[in-house]
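Inside the fold
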Amino acid sequence: MRIDLHTHSNTSDGTQTPTELVAAAKAAGLDVVALTDHDTFDGLPEAQRAADEVGLHLVRGMEMSCRHDGHSVHLLAYGADPHDAALGAELDQIREGRTGRLGPVLEKLKELGVGVTEEQVRAQVGDSPSVGRPHIADAMVAAGHVRDRTEAFNRFLADGGPAHVPRYAAAVEQAIDLVHGAGGAAVLAHPWGRGRQAQLTADFIARLAHEHGLDGIEVDHQDHDQHARQLLRILAGDNGLVMTGSSDHHGLGKVDHELGCNTTAEDQFSELMSRVEVHAARR
Ligand code: AMP
Ligand code: ZN
Ligand code: FE
Ligand code: FE
């Protein structure tokens, strides 16, 4: 069984429609795929129809933006009820915060001499219900200011960069509670990618496991080197956390994140699905 538990469609910042993504997952030889768009469940109905058609097991997912110590953290939710009111209200707030900072970011880019208009950004948004930095980056690429998304982030948009504007996000502890309240399992996405180990320390992750019931951590991810993966495996084992592996595929939006480039072991997947059942039963 080939299981990939973290992918994005153009319902957030991926470049494929949910249908195209599911077809690509099938073609890549995957048996199970989770669609985990940023802060929205909107792509799931279309993905489910496509998955039923091609005979692929779709896991209902979502990648939730949250924070710790002022730094951005991503939390993967599996099996959460898309119609849960409390979680839905939080996602509305995140998406409004993201779209609401578009104007200030565009102001900064203009001052930096690499301006793009709101129309140019909107042209890159696909079916996403909010406008994020990757869409702004795509507009900068289209305007010829940078070569690719990575350059746009590295030079301008990354956290702390010259065109960065912070946005609303809840604390990771609160995000975990909301996911559980919606009957889902909560897995920390790429916890030690992009220098995050300084914020999400091993002690803090252990505390999330024991005091907040964090269900798992993503271990095999392209942003983790072999050493980080090894330490995260030990951390998961010590704290009873499920270990996942996934591509974080974004279509053409991220290089070196091909579907199935990392996968989740069958026993870990089955443990994760058992935890979803437990959270769903507790609601
Ligand atoms: P936003 O939600 O608008 O703050 O944008 C966050 C998204 O931008 C994340 O989900 C990542 O996919 C992407 N991102 C964040 N930092 C970087 C980076 N340094 N390089 C490339 N993409 C990034
Ligand atoms: Zn993304
Ligand atoms: Fe992420
Ligand atoms: Fe992601």
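Residues numbered from 1 in each chain as written. Chains lettered and ligands numbered in written order. Predicted model: local features only at pLDDT ≥ 70, side-chain atom pairs only at ≥ 80, totals over all residues. Heavy atoms only, no water.

This paragraph deals with the site of ligand 1. Ligand 1 sits among 13 residues. The nearest are His38, Arg98, Arg101, Arg133 and Arg167. Residue Arg133 places a main-chain N or O atom 2.8 Å away from an oxygen atom belonging to ligand 1. In isolation ligand 1 exposes 500 Å². Once the protein is present, 87% of that is buried. Here the shell around ligand 1 is built from residues that sort into 2 nonpolar, 4 polar and 7 charged. In terms of domain composition, the shell around ligand 1 takes at least three residues from each of domain 1 (3-94 + 167-281) and domain 2 (102-157). (Near = heavy atom within 4 Å. Polar contact = N/O pair within 3.5 Å; in protein donor to acceptor, adjacent residues only side chain to side chain. Areas by Shrake-Rupley, 256 points an atom, 1.4 Å probe, with all protein chains shown as cover. Nonpolar A, V, L, I, M, F, W, Y, C, P; charged D, E, K, R; others polar. Domains from an automatic or database assignment.)

Quick look at unusual backbone geometry now. A positive phi is found at Asp39, a non-glycine position, where the angle reads about 55°. Relative to the helices and strands, Asp39 resides in the loop between β2 (32-35) and α2 (44-54). Assessed through its relative accessible area of 0%, Asp39 is described here as buried. Even without being a glycine, Asp256 presents a positive backbone phi close to 65°. Here Asp256 lies in the loop between β8 (242-245) and α11 (266-282). (Helix = DSSP H or I, 4+ residues; strand = E, 2+ residues; numbered from the N terminus. Buried < 20%, exposed > 50% of the residue type's maximum accessible area, 1.4 Å probe, protein only.)

What follows is about the domain arrangement of the chain. Here the chain is partitioned into domain 1 (3-94 + 167-281) and domain 2 (102-157). Counting residues at the interface gives 8 residues for domain 1, matched by 8 residues for domain 2. Roughly 640 Å² of surface becomes buried between domain 1 and domain 2 when both sides are summed, with 42% attributable to carbon and sulfur atoms. Of all residues in domain 1, Asn10, Thr11 and Asp13 give up the largest surface area on contact with domain 2, accounting jointly for 50% of the area buried on that side. Linking domain 1 to domain 2 there are 0 salt bridges. Partitioned by chemical class, the residues of the side of domain 1 that touches domain 2 number no nonpolar, 6 polar and 2 charged. (Contact = heavy atoms within 4.5 Å. Buried area = accessible area lost by both parts, 1.4 Å probe. Salt bridge = Lys/Arg side-chain N within 4 Å of Asp/Glu carboxyl O.)

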